[in-house]
Amino acid sequence: ACASFHKGELATMSPREWAGAQAGQPTLVVTDPPRQGMSAALVKQLRRLAPDRIVYVSCNPAPQARDCAALCDSLTAPGKVGPGGARYRLAGVRPVDMFPHTPHIEAVALLLRE
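Below is a summary of the structure that appears in this document. Keep in mind it's a predicted model, so treat the numbers as computed, not measured.

About the cut-offs
- Residues numbered from 1 in each chain as written.
- Predicted model: local features only at pLDDT ≥ 70, side-chain atom pairs only at ≥ 80, totals over all residues.
- Heavy atoms only, no water.
- Helix = DSSP H or I, 4+ residues; strand = E, 2+ residues; numbered from the N terminus.
- Buried < 20%, exposed > 50% of the residue type's maximum accessible area, 1.4 Å probe, protein only.
- Areas by Shrake-Rupley, 256 points an atom, 1.4 Å probe, with all protein chains shown as cover.
- Pairing = 2+ DSSP bridges.
- Right-handed = clockwise from strand over helix to strand, strands pointing away.
- Polar contact = N/O pair within 3.5 Å; in protein donor to acceptor, adjacent residues only side chain to side chain.
- Contact = heavy atoms within 4.5 Å.
- Axes fitted to C-alpha atoms, helices over the stretch in contact; angles between N-to-C directions.
- Parallel < 35°, antiparallel > 145°, perpendicular 65-115°, else oblique.
- Left-handed = near helix turned anticlockwise from the far one by under 90°.

Considering the overall build of the protein
When its secondary structure is counted, the protein shows 3 helices and 4 strands. When the helices and strands of the protein are placed in sequence order, the string is α-β-α-β-α-β-β. Each of the 114 residues in the protein was classed as buried or not, and the buried ones make up 32%. If you sum the accessible surface of the protein, you get close to 7100 Å²; carbon and sulfur atoms cover 59% of it.

Focus on the pairing of strand β1 (residues 28-31)
Only one face of β1 is covered, namely the face carrying Val29 and Thr31; the face carrying Leu28 and Val30 is uncovered. The pairing of β1 with strand β2 (residues 53-58) spans 4 bridges and is parallel. Across the sheet, Leu28 pairs through a bridge with Arg53, a residue of β2. Taken together, β1, helix α2 (residues 40-49) and β2 form a β-α-β motif whose crossover is right-handed.

Overview of the side chain of Arg87
One can find Arg87 in the loop between α3 (61-72) and β3 (88-96). With a relative accessible area of 17%, Arg87 lands in the buried category. In terms of polar contacts, Arg87 uses its side chain to reach the side chain of Glu114, at 2.6 Å.

Comments concerning the pairing of β2
Most of β2 sits out of view: 5 of its 6 residues are buried. Pairing of β2 with strand β4 (residues 106-113) involves 6 bridges; the strand directions are antiparallel. Its bridge partner being in β4, Tyr56 is matched across the sheet by Ala109.

Here we look at the environment of Arg94
If you trace the backbone, Arg94 turns up in strand β3. With a relative accessible area of 61%, Arg94 lands in the exposed category. Spatially, the C-alpha atoms of Arg94 and Val57 are 9.6 Å apart, while their sequence positions differ by 37 residues. Excluding residues within four positions of it along the chain, Arg94 makes contact with Glu106, Ala107 and Val108.

As for the packing of α2 against α3
Between α2 and α3, the shortest axis-to-axis distance is 10 Å and the interhelical angle comes to 40 degrees. In terms of their interaxial angle, α2 and α3 are classed as oblique. In terms of crossing hand, the pair formed by α2 and α3 is right-handed. Between α2 and α3, the residues in contact are Val43, Leu46 and Arg47 and Asp67, Ala70 and Leu71, respectively.

What to know about unusual backbone geometry
Of note in the backbone geometry, Ala50 takes a positive phi value of approximately 60 degrees without being a glycine. Checked against the element boundaries, Ala50 lands in the loop between α2 and β2. Judged by its relative accessible area of 5%, Ala50 falls in the buried class. Even without glycine at this site, His101 takes up a positive phi of about 70 degrees. Structurally, His101 can be placed in the loop between β3 and β4. On the basis of relative accessible area, His101 is assigned to the exposed category, the value being 84%.

No statement about biological role is implied by the geometric values presented.
Dropping the structure here:
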């Protein structure tokens, strides 16, 4: 198969458990957390899992910006997966108006592993 899709609670699994349960290292993770965004533990877990790309969907841009900044911080050298996990670069953010005639939007961010 060219692709497989898995749903799970990343915050409760180690990267090794995730890779073993899902038959390998993911190349793409799509995350759509609740309004308050991701916990610090989940951000750390995502960095340790080190997928090539992260698509972050959010209905609240403020926590999304905070979480993206945490994923992009410079604790790890580009191209390396250190103790802080992989480092990402924000490739872009696109607002999506899913609720016409209201002030609400969804923001979709693409983060690429450096």
